[in-house]
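Overview (structure and organization)
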Amino acid sequence: MEWTVVDAGNGVTLIEVRGRMDVAGALTADPVFADVAQNSDNLIVDLSGLDFLASLGIRTLVSACKTLHAKNGGMVVFAPQENVEQVLRASGIDTIIPIATDQAAAEAQVKL
Amino acid sequence: MSEALSFSSRFPGSFEGAASASEWLHRVSTEAALPGKLVFAIEVCLEELFTNVARYGAVGTETAASLAVELTLQVAPDIALVVEDNARPFDVSAAPVRPIAAEVAQVQPGGLGMALLRKFSQGLRHEALPHGNRVTVTFLRPEAPGPNAEVMTLSS
């Protein structure tokens, strides 16, 4: 799994993730998401390049969301592939981490 | 495909073992030419069951180092993943799906995997073993288009 962390401006950090957030991927991504959540006001995550997500990756996303929320920050993911979106919705975390269609919509939504 | 066909392998009941199991699943799924959407569903269920063993299986009975998971992927005539462990007894088929809390502060990062198991499998059966558990997860084989499948042509 690969990722890129970008300052999207206006207090928003963008993480682009690519590959598979499986057991190995989630374990390596977890400290990255924790660090970004701790040091950012708002986080948007580009999931368009993510091919796999399951329970460990969900845990990583929820932990980051909770850290941001505790600071009155927000988190939005966008452009997931169909299978990944099914995982997000089946787990129920789309109720706390909104799913946007693209980066512009995510940026607008995360600042609400 | 009517003759029985299955693959089996044994892994340490750890996160490293879970990662190896994922690689194994991809290898045998490719060998069996399973469709990608089905492999995705099987892997979602495998990760949830395997990491449950790694995370909670040793409490009170076994030491973590002795935990082991034996996997069998049956690809014909039906699709099933059998996960057999030597962990503490846990009937995953009876575990409730916990609805996510409305307030972010109340949401627990873990424990959401049961919903994934239900969503991505067709059936879930638990058997208590003398020294562990056997969980059988069944899946629907995606239907291949038949010879009479309607062909749609889009035109502008």
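Each value, and the rule that gives it
Residues numbered from 1 in each chain as written. Chains lettered and ligands numbered in written order. Predicted model: local features only at pLDDT ≥ 70, side-chain atom pairs only at ≥ 80, totals over all residues. Heavy atoms only, no water. Phe/Tyr/Trp six-rings, centres within 6.5 Å; stacked < 30°, edge-to-face > 60°. Helix = DSSP H or I, 4+ residues; strand = E, 2+ residues; numbered from the N terminus. Buried < 20%, exposed > 50% of the residue type's maximum accessible area, 1.4 Å probe, protein only. Salt bridge = Lys/Arg side-chain N within 4 Å of Asp/Glu carboxyl O. Axes fitted to C-alpha atoms, helices over the stretch in contact; angles between N-to-C directions. Parallel < 35°, antiparallel > 145°, perpendicular 65-115°, else oblique. Left-handed = near helix turned anticlockwise from the far one by under 90°. Contact = heavy atoms within 4.5 Å. Nonpolar A, V, L, I, M, F, W, Y, C, P; charged D, E, K, R; others polar. Buried area = accessible area lost by both parts, 1.4 Å probe.

1. What about the packing of aromatic side chains?
By the definition in use, this model includes 4 aromatic pairs over all chains. Ring centres of F11(B) and W24(B) lie 5.9 Å apart, and the angle between their planes is 65 degrees; on these two criteria the pair is classed as edge-to-face. Residue F11(B) is found in strand β1 (residues 5-12), and its partner W24(B) is found in helix α1 (residues 15-31); the two are separated by 13 residues along the sequence. Summarising the burial analysis for this pair, F11(B) and W24(B) share the class buried. Feature note: the residues F52(A), F40(B) and F120(B) constitute an aromatic cluster, connected by ring pairs.

2. Quick notes on the pattern of salt bridges
Under the criterion given, the structure shown has 11 salt bridges over all chains. Of the charged contacts in the structure, one is a salt bridge between E16(A) and R18(A), with a shortest N-O distance of 3.9 Å. For R18(A), a relative accessible area of 31% puts it in the partly exposed group. R10(B) is the partner of E70(B) in a salt bridge, and the nearest nitrogen-oxygen pair spans 3.6 Å.

3. Overview of the packing of helix α3 (residues 82-91) of chain A against helix α3 (residues 113-120) of chain B
The interhelical angle for the contact between α3(A) and α3(B), taken along N-to-C directions, is 125 degrees, at an axis separation of 8 Å. As summarised for this structure, α3(A) and α3(B) are arranged oblique, according to the angle between their axes. Read as a crossing pair, α3(A) and α3(B) show a hand that is right-handed. Seen from α3(A), the contacting residues are N83(A), Q86(A), V87(A), A90(A) and S91(A); seen from α3(B), they are A115(B), L116(B), K119(B) and F120(B). Partitioned by chemical class, the residues of the contact of α3(A) with α3(B) number 5 nonpolar, 3 polar and 1 charged.

4. Some points on the interface of chain A and chain B
If you look at the interface, chain A gives 30 residues, while chain B gives 30 residues. Carbon and sulfur atoms supply 66% of the area buried between chain A and chain B, which totals about 2,400 Å² over both sides. Together, V23(A), R59(A) and K66(A) form the three largest contributors to the area buried by chain A at its contact with chain B, with a combined 23%. The interface formed by chain A and chain B holds 2 salt bridges in total. We note a salt bridge from E43(B) to R20(A), for which the minimum N-O separation is 2.4 Å.

5. Things to note about the environment of E85(A)
Residues and elements named next belong to chain A. Of note, E85 is situated in helix α3. Looking at E85, the relative accessible area reads 25%, which means it is partly exposed. C-alpha of E85 to C-alpha of P98: the two residues are 13 residues apart in sequence and 11 Å apart in space. Apart from residues no more than four positions distant in its own chain, E85 is found in contact with P80 and I99.

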